[in-house]
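Next come the chains, spelled out residue by residue.
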Amino acid sequence: MTALPLDEAGKYVAAAYLVFLLLLLVYVAIMAGKLQRLERELTELSEASVSTPASETREPEAAVQ
Amino acid sequence: MTFGKRLRGLSIASALTLTGALALVFFYAPNDADQGFIQKIFYIHVPMAIVALGGFIFGAIMAIQHLRTGERRYDLRSYVAIHLSLILAVGVLITGSIWARASWGHWWVWDEPTLVSFLIVFLLYATYQPLRFSIEDPERQARYASVFAIVAGAFVPLNFLAVRLAQGLVHPRVLGTTAGGMPGTMRLTFYVSLIGMALLFVTLWKYEMASKNATWQLRALRRRLLGDDAVPSVGGRSAAPRAL
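A quick note: this is a predicted structure, and the numbers were derived from the prediction, not measured.

A. View of the overall build of chain B. Looking only at helices and strands, chain B features eight helices and zero strands. Ordered by position from the N terminus, the helices and strands of chain B form the series α-α-α-α-α-α-α-α. Within chain B, the proportion of its 244 residues that are buried is 39%. In chain B, 76% of the contacts between residues at least 6 apart in sequence involve partners at least 24 apart.

This is the structure in structure tokens:
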């Protein structure tokens with residue numbers, strides 16, 4: 001196998017490492033979206049718990065199986 | 001149960017190891033005598049492949065645990081591991097193609113067993129999410145997905161074997177089985193890259209587990225405070241496991 005010159009090989013190596021970085025960034029962006037939704041839901045819940053008197057809220061029950 | 005424990009330490013360890021690996025790749029490891037600079041791709045391609053295949057195996061082990069115990073947390077662990085491994089597998093295929101284009105002049109070579117067997121494993125796991133999504137009942141979904149994860153997991157060692165047994169020897173062997181494998185500097189760089197990738201996988205796995213757990217805790221809290229009607233999305237169809 002004949003080794004590619006550095007200027008030629010460099011483009012391919014950079015592309016490969018950028019692919020990894022891109023995948024990581026896309027994953028982080030998706031997870032950031034989920035975190036944002038979680039925060040919004042938590043804010044809604046916090047507001048609802050403030051506006052609902054304690055006596056009107058339900059008795060705690062088994063949350064998840 | 002909390003999954004966020006030790007997440008900060010793991011994140012820092014992953015970042016440090018991966019940064020160290022990059023420094024070793026570009027400033028310490030010598031250029032390959034045969035392939036030249038293009039061989040640097042292997043420090044990311046091979047660890048990604050090994051960790052992705054390891055993740056599929058871990059998913060299968062968790063699926064076995066799920067079928068044995070019936071506990072849904074094992075299904076979630078299996079689901080997240082397979083999900084992350086699939087993302088890494090996309091990276092493996094793309095970086096492998098980039099290397100192939102630079103070395104062989106082709107993006108893909110169909111008569112190379114290593115490439116084709118990895119593609120088969122990837123396509124097999126690509127059906128995992130649609131399979132889950134097609135089943136509405138959460139119990140049945142978890143059970144069928146576990147059976148799938150175990151059966152598909154059996155194909156993974158075949159991919160490892162294909163690398164070793166392939167007679168075409170077009171695809172390079174990074175870890176030589178005989179003398180004449182990688183020199184010490186390259187081997188150290190490769191192992192640091194592999195550890196970095198494994199740490200990244202564990203970090204992201206715990207991160208996603210913590211995120212899913214938080215979502216469920218929040219829904220449970222909403223149900224407790226506002227009643228069952230306040231959680232409309234829980235009953236809808238989803239590929240992800242729905243409750244621990």
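B. Main features of the overall build of chain A. Check the secondary structure of chain A and you find one helix and zero strands. Taken over 65 residues, chain A has a buried fraction of 9%.

C. Inspection of the packing of helix 2 (residues 42–69) of chain B against helix 3 (residues 72–103) of chain B at higher detail. Residue and element names in this part refer to chain B. The geometry of helix 2 relative to helix 3 is characterised by a closest axis approach of 7 Å and an angle of 160° between their N-to-C directions. Judged by the angle between their axes, helix 2 and helix 3 are roughly antiparallel. Crossing handedness for the pair helix 2 and helix 3: left-handed. A per-class count over the contact of helix 2 with helix 3 returns 17 nonpolar, 11 polar and two charged.

D. Local environment of the nonpolar core. Of all hydrophobic cores here, the largest spans 66 residues; its most connected members are Y12(A), A16(A), I38(B), I41(B), M48(B), A52(B) and V92(B). Mapped by element, the contributors of at least two residues to this core are helix 1 (6–51) of chain A together with helix 1 (7–27), helix 2, helix 3, helix 4 (113–126), helix 6 (138–153) and helix 8 (184–226) of chain B. At 15 residues, the largest contribution of residues to this core is made by helix 3 of chain B. Ignoring anything within four residues of it in the chain, the contact list for I41(B) reads Y12(A), V13(A), A16(A), T95(B), I98(B) and W99(B).

E. Representation of the interface of chain A and chain B within the structure. Counting residues at the interface gives 31 residues for chain A and 36 residues for chain B. Classifying every residue of the side of chain A that touches chain B by side-chain character gives 23 nonpolar, four polar and four charged.

F. Representation of helix 6 of chain B within the structure. Residue and element names in this part refer to chain B. A rise of 1.5 Å per residue sets the reference length of helix 6, with its 16 residues, at 22 Å; its end C-alpha atoms lie 22 Å apart and thus fit the reference within 8%. Within the sequence span of helix 6, burial applies to Q141, A142, A145, S146, F148, A149 and G153. An end-on view of helix 6 places all buried positions within 165° of arc, on one side of the element. Away from its buried face by more than 90 degrees, helix 6 exposes R140 and V151.

Rules used throughout
- Counting of residues starts from 1 at the beginning of each chain's written sequence and follows it residue by residue.
- Labels follow written order: the first chain is A, the first ligand is 1, and so on.
- Totals for whole chains, interfaces and linings use every residue, but because this is a predicted model, local features are given only for residues with pLDDT of at least 70 and side-chain atom pairs only at 80 or more, for both listing and counting.
- For helices the rule is a DSSP run of H or I covering at least 4 residues; for strands it is a run of E covering at least 2, with both sets numbered from the N terminus onward.
- To sort residues by burial, count the other C-beta atoms lying within 10 Å of each one's C-beta; a count of 20 or more means buried, 12 or fewer means exposed, and anything in between means partly exposed. C-beta atoms are built from the backbone.
- It is the C-beta atoms, placed from the backbone, that decide contacts: two residues are in contact if theirs lie within 7 Å.
- Throughout, an axis means a line fitted to C-alpha atoms (over the contacting stretch in the case of helices), and angles, computed between N-to-C directions, take values from 0 to 180 degrees.
- If an angle is under 35 degrees, it is roughly parallel; if it is over 145, roughly antiparallel; if it lies from 65 to 115, roughly perpendicular; otherwise it is oblique.
- Crossings are sorted by hand: turned counterclockwise from the far helix by less than a right angle, the near helix makes the crossing left-handed, and turned clockwise it makes it right-handed.
- Under the grouping applied here, Gly and all other residues not named as nonpolar or charged are polar, the nonpolar ones being Ala, Val, Leu, Ile, Met, Phe, Trp, Tyr, Cys and Pro and the charged ones Asp, Glu, Lys and Arg.
- Only buried Ala, Val, Leu, Ile, Met, Phe, Trp, Tyr and Cys residues enter a nonpolar core, and they are joined through C-beta atoms within 7 Å.
- Multiplying 1.5 Å by the residue count of a helix minus one yields the expected span of that helix.
- The directions considered for the arc run from the helix axis to the C-beta atoms.

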